[in-house]
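Residues per chain are reported as follows:
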Amino acid sequence: MKLEERLELFKEKIKTTDFLECKGLGNEIPYWIFDYEPDKELLVRDTIEKMVTGFETKYSLKIIEINLYDLCLKILSQKLSDEKITQFERKKGSDALLEKIRLILNQDATKKEISEILQGNYDIIFLTGVGNAWPMVRAHSVLNNLHSVTGKKPLVMFYPGKFSGLDLSLFGEFKSKNYYRAFRLMPEAM
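Keep in mind the model is a prediction, meaning the values are calculated, not measured.

Visitor: Can you help me understand the environment of Met-1 in this one?
Guide: Mapped onto the fold, Met-1 is located in the segment before helix H1 (3–13). Look at Met-1 and you get partly exposed, because its relative accessible area is 27%. For the pair Met-1 and Glu-37, spaced 36 residues apart in sequence, the C-alpha separation works out to 12 Å.

Quick look at the structure:
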């Protein structure tokens, strides 16, 4: 099935009462993964943007989009100036900078920022920017830490890579740790 067809089916599915009320999950966390070919990133971004702005007006569904990359930049800017980041990298190197960034973007920091974003009313959470945020943060780590923040609201992570139902493979190249608490949202592309 082509990505365009999967996206159309996705739009229909998330409007259903069963999806919104997380029926049929057997008390599992309502996390869904929409995986797609990384070279289709711009199409997916465009579709998400239209859904976030249009679903509230058209269907009275409020979608909150959390762009993981933008979230990382926000957290980093609160801790370090661009100048300090540049100086650190010159002095210690890129690998040391990445380790420092990962320490700053720990699970508690990302969870706190996401918790603040999720104040108020919403129906669905979209987690985007996963590919851009790598290797600063990893998708499975973020998902593992969010269940106490998201409650029973459905969360859809848009994943540029493959999700087998057990394993995540970013860009189809980089394997992550197993993540078995999410469900594949749409059929695989053919």
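Visitor: I tried to follow the pairing of strand S4 (residues 155–163) on my own but got confused; where do I start?
Guide: Summarising burial for S4: eight of the nine residues are buried, a large majority. As paired elements, strand S1 (residues 31–36) and S4 share six bridges and run parallel to each other. Note on S4: the bridge partner recorded for Tyr-36 is Pro-160. Relative to S4, strand S3 (residues 124–128) is paired through three bridges, and the arrangement is parallel. Pairing of Phe-126 across the sheet is with Val-156, part of S4.

Visitor: Any chance you could explain the packing of aromatic side chains here in plain terms?
Guide: Describing an aromatic ring pair means giving the distance of the ring centres and the angle of the ring planes. Applying the stated rule across the entire model yields seven aromatic pairs. Aromatic side chains Phe-19 and Trp-32 sit 5.6 Å apart centroid to centroid with 40° between the ring planes, which places their arrangement in the tilted category. In this pair, Phe-19 is assigned in helix H2 (residues 17–20) and Trp-32 in strand S1, connecting sequence segments 13 residues apart. Residue Trp-32 is classed as buried on the basis of its relative accessible area of 11%. For the pair Phe-34 and Phe-158, a centre-to-centre distance of 5.8 Å together with 45° between the ring planes defines the contact as tilted. Residue Phe-34 is found in strand S1, and its partner Phe-158 is found in strand S4; the two are separated by 124 residues along the sequence. A connected cluster of aromatic rings, assembled from ring pairs, spans Phe-10, Phe-34, Phe-126 and Phe-158.

Visitor: Honestly, the packing of helix H5 (residues 82–92) against helix H6 (residues 94–104) in this entry has me stumped. Any pointers?
Guide: The relative placement of two packed helices comes down to the angle between their axes together with the axis-to-axis distance. Here H5 crosses H6 at 135°, and the two axes come no closer than 7 Å. The angle between H5 and H6 places the two elements in the oblique class. Across from Ile-85, Phe-88, Glu-89 and Lys-92 in H5, the residues of H6 making contact are Ser-94, Ala-96, Leu-97 and Lys-100.

Visitor: Sorry if this is basic, but what is going on with the side chain of Thr-47 here?
Guide: Mapped onto the elements of the fold, Thr-47 is located in helix H3 (residues 41–59). Relative accessible area serves as the criterion here: at 10%, Thr-47 is assigned to the buried category. Residues in contact with Thr-47, not counting those within four places in the same chain, are Leu-7 and Lys-11.

Visitor: Hey, could you run me through the pattern of salt bridges in this one?
Guide: As a working rule, side chains carrying opposite charge can pair if their charged atoms are close by. Counted according to the given criterion, the structure contains nine salt bridges. Two residues, Asp-35 and Arg-6, come together in a salt bridge whose shortest N-O distance is 3.2 Å. Note that Asp-35 is positioned in strand S1 and Arg-6 in helix H1, a separation of 29 residues in sequence. As far as the burial class goes, Asp-35 and Arg-6 line up, both buried. Put simply, Lys-11 and Glu-8 hold a salt bridge, and the shortest N to O gap is 3.0 Å. Of this pair, Lys-11 and Glu-8 both sit in helix H1, three residues apart, which is roughly one turn of that helix. Residue class for Glu-8 comes out partly exposed when judged on its relative accessible area of 44%.

What counts, and where the lines are drawn
Residues numbered from 1 in each chain as written. Predicted model: local features only at pLDDT ≥ 70, side-chain atom pairs only at ≥ 80, totals over all residues. Heavy atoms only, no water. Helix = DSSP H or I, 4+ residues; strand = E, 2+ residues; numbered from the N terminus. Buried < 20%, exposed > 50% of the residue type's maximum accessible area, 1.4 Å probe, protein only. Pairing = 2+ DSSP bridges. Phe/Tyr/Trp six-rings, centres within 6.5 Å; stacked < 30°, edge-to-face > 60°. Axes fitted to C-alpha atoms, helices over the stretch in contact; angles between N-to-C directions. Parallel < 35°, antiparallel > 145°, perpendicular 65-115°, else oblique. Contact = heavy atoms within 4.5 Å. Salt bridge = Lys/Arg side-chain N within 4 Å of Asp/Glu carboxyl O.

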